[in-house]
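# Fold and geometry: a report
What follows is the residue order along each chain.
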2 protein chains.
Amino acid sequence: MERKTGNECTADQQLPALGIDPYLELMDKTAAQDADRKSIRMGLVMLWLSDNILDVMDVDLAPFGITESKLDMLLLLMLHEGRELITPSGIADRLGIRRASVTALLDWLEKRGWVSREQSAKDRRMIHVSITPEGRALVNQVLPTFWSTCASLLGDLDAEERSVFEKILGKLHRSIETKIGVGR
Amino acid sequence: MERKTGNECTADQQLPALGIDPYLELMDKTAAQDADRKSIRMGLVMLWLSDNILDVMDVDLAPFGITESKLDMLLLLMLHEGRELITPSGIADRLGIRRASVTALLDWLEKRGWVSREQSAKDRRMIHVSITPEGRALVNQVLPTFWSTCASLLGDLDAEERSVFEKILGKLHRSIETKIGVGR
DNA sequence: CAAAATAGTTAGACTATCTAACTATGACTA
DNA sequence: TAGTCATAGTTAGATAGTCTAACTATTTTG
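My aim in this report is to walk through the structure given alongside it, one point at a time.

Here is what the cut-offs are and how they apply
- Here the residue numbering is sequential within each chain, running from 1 through the sequence in written order.
- The naming scheme follows written order: chains are lettered A onward, ligands numbered 1 onward.
- Predicted model: local features are reported for residues with pLDDT of at least 70 only, side-chain atom pairs are reported and counted for 80 or more only, and whole-chain, interface and lining totals are derived from all residues.
- Only heavy atoms go into the side-chain values, all of them from the structure, while hydrogens and water stay out.
- Counting from the N terminus, the helices are DSSP H or I runs at least four residues long and the strands are E runs at least two residues long.
- Type-normalised accessible area, obtained with a 1.4 Å probe on protein chains alone, sets the label of each residue: buried when under 20%, exposed when over 50%, and partly exposed for intermediate values.
- Any two residues whose heavy atoms approach within 4.5 Å at even a single point are treated as in contact.
- Surface accessibility follows the Shrake-Rupley procedure with a 1.4 Å probe radius. Residue values consider only the protein chains on display as shielding.
- Here, proximity means that at least one heavy atom of the residue falls within 4 Å of the molecule or strand.
- Pairs of N or O atoms within 3.5 Å make up the polar contacts considered here, provided that, within protein, one atom can donate a hydrogen while the other can accept it, and that residues adjacent in sequence are counted only when both atoms are side-chain atoms.
- Two parts placed together each lose some accessible area under a 1.4 Å probe, and adding up what both lose gives the buried area.
- Definition used for salt bridges: Asp or Glu carboxyl oxygen within 4 Å of a side-chain nitrogen of Lys or Arg.
- Here the copies are superposed with least squares, the fitted atoms being C-alpha atoms of residues at a pLDDT of at least 70 in both.

## Some points on the overall build of chain A
Along chain A, the regular secondary structure elements total seven helices and two strands. Going residue by residue from the N terminus, the α and β elements of chain A occur as α-α-α-α-α-β-β-α-α. Taking all 184 residues of chain A together, the buried fraction comes to 45%. For chain A, contacts bridging at least 24 residues in sequence account for 46% of all contacts bridging at least 6. Summing over all exposed atoms, chain A offers an accessible surface of approximately 9900 Å²; the carbon and sulfur share of this is 51%.

So this is what it looks like as structure tokens:
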């Protein structure tokens, strides 16, 4: 008995995420001090936004066959061109991930010819990683979308809102940087 | 030859994420129109914040042995207590994930006794999912932390900044909701 | 009643991580 | 200098959270 059509909706691939209203409702039921409710409410919106901002970027990058993590890696390598040589360990430190994770990402990128590994002559334990011309071409193709998606995240804030928001973003940035023990 | 000590740093588990400065630098090098640079900059900060906000929540929930996705599911079930019965399909719609993913999450939660499944008598294809007393206890234990982490995301914004930010968050929320095709 | 739709599950895939342990190499020290 | 320790990269195996495709059981519909 043939069942070739999956019953899953294959047309609309992007399911919408749950809104925040249910959470706000739950908050009203369970949060303790009234004084904090407004903060909590705003925090919930921030959490929701965070999820969805990352989603939006993912979706916009998808047509290029690359994810944000991998693009991050390529951007980092591009930044290093013509400066100091960079090694997997260095990449791990800069990206805040383990060396083993870097190995996996590099394997993937190398398989597609976007990065190359070369053993160091001085210290034969080390490997110098660099982006290839093909990798650079890909990045140059992706960047316009990347930047425009970044810019689009601001939505339709007017000039005044933007300028206040800029200050607020700076504060939030520093506050979280402190909380996570400031990247270095 | 014994090598019992991993050479990985096991003391400081949380590696800091890459700062945004490198990205800003790259933006200065490659972004086209000067008019948009400020927007892009702000978008980059938003992207960075998004990543790190989710991380902060993950880290704060970790001690309870639960992740945000799973807590989301439990909160949803808690909201439904005493209202309409909820099925895996319904959960999938509300959370914006596939039915198959719901099955996986429910399996995990059920194994720990935090949710239970019961076949519907009316339509024997359906299953009614509910949170157990143990699940409710867990949620009640986690919620204070959850709310306080939410509130902490605002950092040290002063009263005026908060009130402006509240308006801005609303706008951003609506804008992204539109972009992703508004849940529901 | 037969065909189509729906509900839940399973199987298998993928991304992005992690830890632990391994190999090779280099550096330090007694 | 030999032995120990440290460092660089990899491998193996795990986990979370998702996905699609296909399957079973059941219900609805024409």
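## Some thoughts on the protein's contact with DNA strand D
What surrounds DNA strand D is a group of 29 residues, the closest being P88(A), S89(A), T67(B), R98(B) and S101(B). Taking all atoms of DNA strand D within 4 Å of the protein, the share assigned to sugar and phosphate is 62%. A distance of 3.0 Å is found between a phosphate oxygen of DNA strand D and a backbone nitrogen or oxygen belonging to I127(A). S69(B) places a side-chain nitrogen or oxygen 3.5 Å from a phosphate oxygen of DNA strand D. The set of elements that each furnish at least two residues to the surface near DNA strand D consists of α4 (88-95) and α5 (99-111) of chain A together with α3 (68-80) and α5 (99-111) of chain B. Of the residues forming the surface near DNA strand D, the biggest block, four residues, is contributed by α5(B).

## Things to note about the interface of chain B and chain A
Interface size is commonly expressed as the accessible area that is lost once the parts come together. Each partner contributes to the interface: chain B provides 80 residues, whereas chain A provides 80 residues. A combined buried area of about 7900 Å² lies between chain B and chain A, and 69% of that area is made up of carbon and sulfur atoms. At the boundary of chain B and chain A, one finds four salt bridges. E161(A) serves as the salt-bridge partner of K171(B), at 3.0 Å between the closest nitrogen and oxygen. Within the residue set of the side of chain B that touches chain A, elements represented by two or more residues are α1 (21-30), α2 (34-61), α3, α4 (88-95), α6 (133-152) and α7 (159-179) of chain B. With 18 residues, α2(B) is the largest single contributor of residues to the side of chain B that touches chain A.

## A short note on the relation of the copies chain B and chain A
Mapping chain B onto chain A calls for a rotation angle of 180° and an axial translation of 0.0 Å; the resulting RMSD is 0.0 Å. On this basis, the relationship between the two copies can be described by a two-fold rotation axis. Looking at the rotation axis and the C-alpha trace of chain B, the residue lying nearest is S50(B), at 2.0 Å. Comparing interface residues between copies, 100% of those in chain B also sit at the interface in chain A, which points to an isologous, same-surface contact.

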